[in-house]
Each structure stands twice: as structure tokens, then as C-alpha cells.
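Each chain, written out:
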Amino acid sequence: MLITFEGIEACGKGEQIRRTGNYLHSKGISYFVNQEPGGMAHGLLERMLLKNPTKVALALNDSFRDLILDYPQIPFENGVVEPSEPETEILRFLISRFENTIKRVKPEIAAGKVVLSDRHLHSTKAYQGYGRYQGKREILDLIDHLHDLFIFPTAQIDKTFYLDISYEEQEKRKALAKGRDPGDIFENQVPDAFARIINGYKEMARTDSRVMLIDGMGTPEEVFSRIKPELDKLLE
């Protein structure tokens, strides 16, 4: 079984995954926590490159400074590495997800574990399809088609919990949080982009039977109390 958790930044996905894992453990069910993009080494590299290419480029330039003939220094524009084009982002997320699905998710499901994934298909549709491409139907269909071809023959999503909070709530939580990367491209999008992302998630909750909108406001205990009844149905 594959259960995914979605939402904008600071919506509480990590906490609800932790609580879901604890609940599964209390019922004697084995689980595995997955992160997108991430998982295997290639996926983690893609995660760093996608989220903060400037920091990665600085580190690589420093590491390979003495091997400049084989590894030319990465150029900067006005002190930063320009983010990828939206089309490139989509393909890079897909590459990372395919690698992670084959090498991590599929074996864990085959071993009888419930996989709890921090982001998956619906993040790509929300952030790239709705956020970057403003909900263009042909792009959303392309993302679905690529997943149908390469990802879902290996591991299908059984349920997606979308934790719904506002942009304003996201910013409040980010201001209080420690350890967040101030250079994260996805966290630093303009409010209009996040409005499109949130609307995209809500549209998917209305039209995709896998996606369930969960009110992300309140204490972590209150939020999990909204997830638990649907979780129990899945486990029947």
C-alpha cells in the first residue's frame, strides 16, 4: 500500500507521517517512510539541485577546483544559478521518482509494508502543473501520462492526504520554524504562485478520488484525528 501526504510548505506533512507511522506500529503493521524527491543517492542529489542549485554549485565548484580540466567551474548569473525551466523540473522530478520507486518503494511494498510518502504525483501537478504552468490542461495530462507509463505500473497510490492551510498560515509557521533553507526555490515563490498551487490541490481533491482534503489547522492531534478514520478504512 502506498499512502502519500501533500500540501504547501509547513503544512505539517512530516508530523502527520510520524503520527501515522506510530499508529500503524501500534496495530502491528510495518511501514516505510519515503521522501520525494529523495530516497536513493540520485534522488537526494536531485532534491538538492532542484531546491537550492546555487548552494550545490558553490559546493561543487569548491570540491572540484583542482580538477578544472575534467570539471569546469559552474557559472553564475548575478551570484546565483538560475532555476530550471518548468519542463526540465517536471522531467527531473519524474527521473528521481522512477529511480526511487524501482529501488525503494517497490521492494518495501513487496515486503508487505505500508509506504508513507512525503510528496508524490500530486506535488508535481500542484507545483509545476498549476503553479508554474497555471493549470494548463495539456501539462497536467502530460504529468499524468508520464506517471501512468513509468511510475504506476510499479507502485500505485492508494490514498493521498492533502493537508490544507493558507499561504498566510504557511508564512507564520515558516517564521517560527528552525532548520529551513532560506534559499529553497520552492519555498520562496511569490504569493500568486502559492495561490495557484493551493487552488490546484483543492481542484485535485474535488476531481481525483485518491485525494482527500484534510483541514491542516489546529493541533497535530486534531489534524491526525481527521486522518485516522480514513486510515482505518484503508486498513480494513
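These numbers come from a predicted model, not from an experiment. (Residues numbered from 1 in each chain as written. Predicted model: local features only at pLDDT ≥ 70, side-chain atom pairs only at ≥ 80, totals over all residues. Heavy atoms only, no water.)

### Looking at the side chain of Lys-159
How we decide: Under the DSSP-based scheme used, a helix requires at least four consecutive residues in state H or I and a strand at least two consecutive residues in state E, with every element numbered from the N terminus. Residues adjacent in sequence count toward polar contacts only when both atoms are side-chain atoms; beyond that, a polar contact is any pair of N or O atoms within 3.5 Å, and within protein one must be able to donate a hydrogen and the other to accept it. In this description, contact between two residues means that some pair of their heavy atoms is separated by no more than 4.5 Å.
Its location among the elements puts Lys-159 in strand E4 (residues 159-164). Reaching out from Lys-159, the side chain makes a polar contact with the backbone oxygen of Ser-209 at a distance of 3.4 Å. Beyond its immediate sequence surroundings of up to four residues, Lys-159 is in contact with Leu-2, Ile-3, Thr-4, Ser-209, Arg-210, Met-212, Glu-230 and Leu-234.

### Quick look at the packing of aromatic side chains
Rule in force here: The rule is short: rings of Phe, Tyr and Trp, with Trp giving its six-membered ring, pair when the centres are within 6.5 Å, and they are stacked under 30 degrees, edge-to-face over 60, tilted in between. For every residue, the accessible area obtained with a 1.4 Å probe (protein chains only) is divided by the maximum for its type, and the residue is called buried under 20%, exposed over 50%, and partly exposed between those limits.
Following the criterion strictly, the structure yields seven aromatic pairs and no others. Between Phe-5 and Phe-161, the aromatic rings sit 5.6 Å apart at their centres with planes inclined by 45°, giving tilted as the arrangement. Of this pair, Phe-5 sits in strand E1 (residues 2-6) while Phe-161 sits in strand E4; the two residues are 156 residues apart in sequence, bridging distant segments of the chain. Here Phe-161 falls in the buried class, since its relative accessible area comes to 0%. Between Tyr-23 and Phe-224, the ring centres sit 5.9 Å apart and the planes meet at 65°, which makes this aromatic pair edge-to-face. Taken together, the residues span a long stretch of sequence, with Tyr-23 in helix H1 (residues 13-26) and Phe-224 in helix H9 (residues 220-235) at a distance of 201 residues. Ring-pair connections join several aromatic residues into one group, and the members of that group are Tyr-127, Tyr-167 and Phe-194.

### Here we look at the environment of Phe-64
Structurally, the position occupied by Phe-64 is in the loop between helix H3 (53-63) and helix H4 (86-110). For Phe-64, the contacting residues outside a window of four places in its chain are Tyr-71 and Gln-73.

### Let's talk about a nonpolar patch on the surface
Spelled out, the test is: Candidates for patches are residues over 30% relative accessible area with no salt bridge; among them, like charges are joined within 9 Å and nonpolar side chains (Val, Leu, Ile, Met, Phe, Trp, Tyr) within 5 Å. Only the protein chains shown count as covering a residue, and every accessible area follows the Shrake-Rupley method with a 1.4 Å probe. Salt bridges are identified by distance alone: a Lys or Arg side-chain nitrogen within 4 Å of an Asp or Glu carboxyl oxygen.
On the surface, Phe-98, Ile-102, Leu-149 and Phe-150 cluster together into a nonpolar patch covering about 350 Å² of accessible area. Where the nonpolar patch is concerned, the elements lending two or more residues are H4 and helix H6 (137-150). When you line up the elements, Phe-150 lands in helix H6.

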